[in-house]
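Observations on chain architecture
Residues per chain are reported as follows:
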Amino acid sequence: MNEALVQLLGVSKVFTDLWGRPRVEAVSDLTLEIERGEVFGLLGPNGAGKSTAIKLLLGLLDPTRGRIAVFSRPPRDREARRKTGYLPEETKLHKFLTAEETLDFFGSLLGLPRAERRKRASALLDMVGLASARERKVGEMSKGMARRIGLAVALVGDPDLLVLDEPTSGLDPIGTREVKDLLVQLASRGKTILLSSHLLADVEDACSRIAILYGGKLRAIGPVRELLARDERIRIELERPADEAKLRALEAAARAAGGDGVQIGAPADRLEAFFLRVVGKARTEGVATGGARAGGAVAAFLGAAEKPVKVEAVPAALSSPPRSGGEVGRGGPVAEAPPATPPAPPPTTPPQPPTPALPTLRGGREVAVEHLTPTPTQPTAPLSESTKTKAVLDRLLKGGGGS
């Protein structure tokens, strides 16, 4: 058995009302483990507790009972979050940024150097099939294209654990197939992936193990092939013989062996496979399209055994763990903020006349804010910051009108 990267032991989550009375038990006595290098599927109908379980292991919620460990650490541990990438169910990105700027922005939050951010952004955009749309603003993209950007954002920090909530939502069949293939390739590179989806065909294709929740409780867990196997039946496929006599003989032999339960007929291809063949032929013929293209190879930095990237300092407000209900860190190396340097001594040269202040909005209109300068009757000593602030406020209140 491989190392367990995620452990939930007897975890329950009870939501209460304003008076602290139990309202609903979203997760009840849930115990499961996710091993390193596997694609694990979390399934269940609406309200089964999937999203709550994900928020618990990400540290966005506190369990009412039980214990949770991610990389053998508490979910809110900084090191655990540094190694975790998260794609939420809804893609929430800055619409005014381009695809390339979006990845650069999140890379800067992780403390990656500028050259490394550019390198990773280029590789990820090519991987998700948006290399030709790198200069397009996210707000101008379709839902499926924005979803591809969201997946790239989750991977920009090269996380060891990838948590994906409905990753193929809004994707066309081509993008869906590429995402499933990508997940398998990432797992082969040592990534651990938790996938939650209502598209059972996607889960069946990509996941090695699944768990099914209902009413907050675990109802089934195990390898996909074992859970789906029907040992009471057997299937034999062969080329259809051209000789009708041979075909009738085969059918007679099958009925003699299986009795009334024998089903004879031509196997049907999956719609996904047929769709991909049609689109693949159009691409081979060079048909033009303004949408997403076929994705490229997996970005080389993902899971690669390279030397760690030196990260830049990150402000403490960004690197500190969020409180319950906040946003989870997306993984990636984060450095401590440097200690604050002592303030420089005041200049000895005479102060220059202050520049006019920018207009300040007050009560829906602009109010001119003037700098206060000493008059001949005032002391020549410089005013403290608190005194300046109070004087400005007094002048606003006297001359600015009602709010």
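Note: the structure precedes this text.
Source: prediction; values computed, not measured.

**Quick look at the overall build of the protein**
If you tally the helices and strands in the protein, you get 12 helices and 11 strands. The buried share of the protein, taken over its 403 residues, is 35%. Partitioning the contacts of the protein with sequence separation of at least 6, the portion at a separation of at least 24 is 69%. Per element, the accessible surface of the protein, about 24,700 Å² overall, is 56% carbon and sulfur.

**Details of the nonpolar core**
With 45 residues, the main nonpolar core has Leu124, Met127, Ile149, Leu155, Leu164, Leu186 and Leu302 as its most contacted residues. Those elements that provide at least two residues to this core are β3 (39–43), α3 (99–109), α4 (114–127), α5 (143–155), β6 (161–165), α6 (173–188), β7 (192–196) and α7 (200–206). Sorting elements by how many residues they give to this core places α5 first, with 7 residues. Residues contacting Leu124, with those up to four places away along its chain left out, are Leu103, Ala152, Leu155, Val156, Ala299, Phe301 and Leu302. Grouped together as the second largest cluster of nonpolar side chains are 28 residues, Ile34, Leu42, Leu60 and Val163 included.

**Concerning the sheet that holds strand β4 (residues 65–70)**
The sheet built from 3 strands is open, its strands ordered β2-β1-β4 with antiparallel pairing. Each end of this open sheet is capped by a strand with a single partner; those strands are β2 (22–35) and β4. Each neighbouring strand pair of the sheet contributes to a mean axis angle of 20 degrees, computed without reference to strand direction. Pairing between strand β1 (residues 4–16) and β4: 5 bridges, direction antiparallel. Note on β4: the bridge partner recorded for Val6 is Val70.

**A short note on the pairing of β2**
Pairing analysis gives 9 bridges linking β1 to β2, with the strands arranged antiparallel. Residue pairing in the sheet places Leu8 in a bridge with Leu32 of β2. Counting the residues that bridge the hairpin from β1 to β2 gives 5 residues, and of these Gly20 lies at a positive phi of roughly 80 degrees.

Conventions used here
Residues numbered from 1 in each chain as written. Predicted model: local features only at pLDDT ≥ 70, side-chain atom pairs only at ≥ 80, totals over all residues. Heavy atoms only, no water. Helix = DSSP H or I, 4+ residues; strand = E, 2+ residues; numbered from the N terminus. Buried < 20%, exposed > 50% of the residue type's maximum accessible area, 1.4 Å probe, protein only. Contact = heavy atoms within 4.5 Å. Areas by Shrake-Rupley, 256 points an atom, 1.4 Å probe, with all protein chains shown as cover. Core = buried A, V, L, I, M, F, W, Y, C linked by side-chain atoms within 4.5 Å. Pairing = 2+ DSSP bridges. Axes fitted to C-alpha atoms, helices over the stretch in contact; angles between N-to-C directions.

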